[in-house]
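# Commentary on secondary and tertiary structure
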Amino acid sequence: MHLTTRQLFLSHVVLLAGSSASALAAPASKTVSLSYIARLYSMRTSVSGKKVVMKNKWNNIEVETNSRRAWVNGVMVWLHHPCRKAGGGWAIRELDFKKGIDPILRSYAYVPTKKPNMVVLDPGHGGKDPGAVGTRKVYEKKAVLSIANRVKAHLEAKKIPVRMTRTTDVYLTLNQRSDYAAKVGADLFVSIHADSAEASSANGVETFTMTAAGCDSSNYYGQSGDKSTKRGNQYDAANAVLGFSIQSNLVKMSKRSDRGLRRARFAVLKNAPCPAALVECGFLSNPEEEALMIDPNYREAVARGISNGILGYITLVNRARK
Ligand SMILES: [Zn+2]
């Protein structure tokens, strides 16, 4: 080993050991017990069917045992790893606590201190790429542009500067979208999509944020491929705050079923230069939701959900700054 490389290597190890010796020994497998979490938040614990329920006056957390599903204040949050039995009780990975549950409940300790001045909205697809197309020929690229325009209007009404990656029916590569966000100095990036699935019964709304390094995404259990740290991972905790704020408001306003805050390594999330989320506003492969996607009332409701979610995040940042 070259001397300078070796010196660098050694200082790196010392730094790591200084920050968290135990994390170095077992980075992804460290767990926290649900009883520890309940104590930390002064919550009472009970069991309801397969769920451990923890509650205090303000918040409640439900964790499904042997599952990746949890709920915070009634909104579904997918964990990177299932809740498992450990040492006589139930436990989740420390990573899911520090990059999911805790940022959602104690946002002030995790959000960036810079006031968000610029929101970039990214209507998915466009031009030669129609995105999903329903049986009644509703095009994802058109529906999401209409929703994004409505989100923009709601944010601008609150004096929040907004830019869009596209305002017309043009094709953009995925890299062009995140490059644009970086170029205009985005403080938040929200990509807007509609879903499609083989089963026409699939329905509901969901919000994705970047998967933590080394973990599997919520949509591909046990996936192979590159799980290394990406640019978007520096905002892991803030992503969870933003994603949860959007998903809770989206479920409330759209009145569709809650598919949860999920994790995926979508290109626009991987390369995001700021906290980022990708929203799926309903399934074009589901006849009922396809009809909703061309209904101006539904588009408006979804746009309200997304903009209220973004405004909720901005309020949390402003509160943390005080
Ligand atoms: Zn899409």
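The structure presented is a predicted model; accordingly, all values stated were derived computationally and were not measured. (Residues numbered from 1 in each chain as written. Predicted model: local features only at pLDDT ≥ 70, side-chain atom pairs only at ≥ 80, totals over all residues. Heavy atoms only, no water.)

Right, let's talk about the sheet that holds strand 1 (residues 31–33) for a bit. Taken together, three strands build an open sheet; the order of strands is 1-8-7 and the sheet is antiparallel. Edge positions in the sheet fall to strand 1 and strand 7 (84–86), since each has one partner strand and no second. Sheet twist, expressed as the average angle between the axes of neighbouring strands with direction ignored, equals 50°. Sitting on the sheet, helix 4 (residues 94–105) touches strand 1 and strand 8 (89–93), and the angle it makes with strand 8 is about 65°. (Pairing = 2+ DSSP bridges. Helix = DSSP H or I, 4+ residues; strand = E, 2+ residues; numbered from the N terminus. Axes fitted to C-alpha atoms, helices over the stretch in contact; angles between N-to-C directions. Contact = heavy atoms within 4.5 Å.)

With that out of the way, let us pick up the packing of helix 4 against helix 7 (residues 236–254). To describe two helices that pack against each other, one gives the angle between their axes and the distance between the axes. At their nearest, the axes of helix 4 and helix 7 sit 8 Å apart, and the two run at 50° to each other. Here helix 7 runs oblique to helix 4, going by the angle between their axes. Along this stretch, helix 4 crosses helix 7, giving a crossing that reads as right-handed. Touching Lys98, Lys99, Gly100, Pro103 and Ile104 of helix 4 are Asp236, Ala237, Ala240, Val241 and Phe244, all from helix 7. Grouping the constituent residues of the contact of helix 4 with helix 7 by class yields six nonpolar, one polar and three charged. (Parallel < 35°, antiparallel > 145°, perpendicular 65-115°, else oblique. Left-handed = near helix turned anticlockwise from the far one by under 90°. Nonpolar A, V, L, I, M, F, W, Y, C, P; charged D, E, K, R; others polar.)

Ideal values for angles at a metal depend on the geometry: 109.5 degrees with four tetrahedral donors, 90 or 180 degrees with six octahedral donors. Bound to the zinc ion on the protein side are His125 (NE2), Glu140 (OE) and His193 (ND1), at distances that span 2.1 to 2.2 Å. Sequence spacing of the donors to the zinc ion: H-x14-E-x52-H. One end of the pair, Glu140, is in helix 5 (residues 140–157); the other, His193, is in strand 11 (residues 188–195), with 53 residues separating them in the sequence. Using a relative accessible area of 12% as the deciding quantity, one classes His193 as buried. (Donors = N, O, S within 2.8 Å, 3.2 Å for Na, K, Ca; no water. Buried < 20%, exposed > 50% of the residue type's maximum accessible area, 1.4 Å probe, protein only.)

For the rest of this paragraph, the subject is empty space enclosed by the protein. If you roll a probe as big as a water molecule over the atoms, it shows you where there is empty space left. Taken as a whole, this structure holds one cavity of 30 Å³ or more when the rule is applied. Lining the largest cavity, in full, are Leu34, Ile37, Met54, Ile61, Val63, Ala70, Leu79, Ile92 and Ile101. Contributing elements (two or more residues each) for the lining of the largest cavity: helix 3 (34–40) and strand 4 (60–64). When its residues are assigned to classes, the lining of the largest cavity shows nine nonpolar, no polar and no charged. (1 Å grid on protein atoms, 1.4 Å probe; cavity = no way out; pocket = protein on both sides within 12 Å on 5 of 7 lines; lining within 4 Å. Points joined across faces, edges and corners; volume = space filled by probe spheres on them.)

Our next topic: the domain arrangement of the protein chain. For the protein chain, the domain assignment lists domain 1 (25–105) and domain 2 (119–321). Distance between the C-alpha centres of domain 1 and domain 2: 26 Å. Interface of domain 1 and domain 2: buried area, both sides summed, is about 1,500 Å²; carbon and sulfur atoms make up 64% of it. Of all residues in domain 1, the largest losses of buried area upon contact with domain 2 belong to Trp78, His80 and Lys99, amounting jointly to 41% of the total for that side. In this structure, the connection of domain 1 to domain 2 is made through one salt bridge. With a closest N to O distance of 2.8 Å, Lys99 and Asp236 form a salt bridge. Our enumeration of links across domain 1 and domain 2 arrives at eight residue pairs in polar contact (both at pLDDT 80 or more). Of all the secondary-structure elements, those providing two or more residues to the side of domain 1 that touches domain 2 are strand 6 (75–78) and helix 4. Tallying contributions element by element places helix 4 first for the side of domain 1 that touches domain 2, with six residues. Residue composition of the side of domain 1 that touches domain 2, grouped by class: eight nonpolar, four polar and three charged. (Domains from an automatic or database assignment. Buried area = accessible area lost by both parts, 1.4 Å probe. Salt bridge = Lys/Arg side-chain N within 4 Å of Asp/Glu carboxyl O. Polar contact = N/O pair within 3.5 Å; in protein donor to acceptor, adjacent residues only side chain to side chain.)

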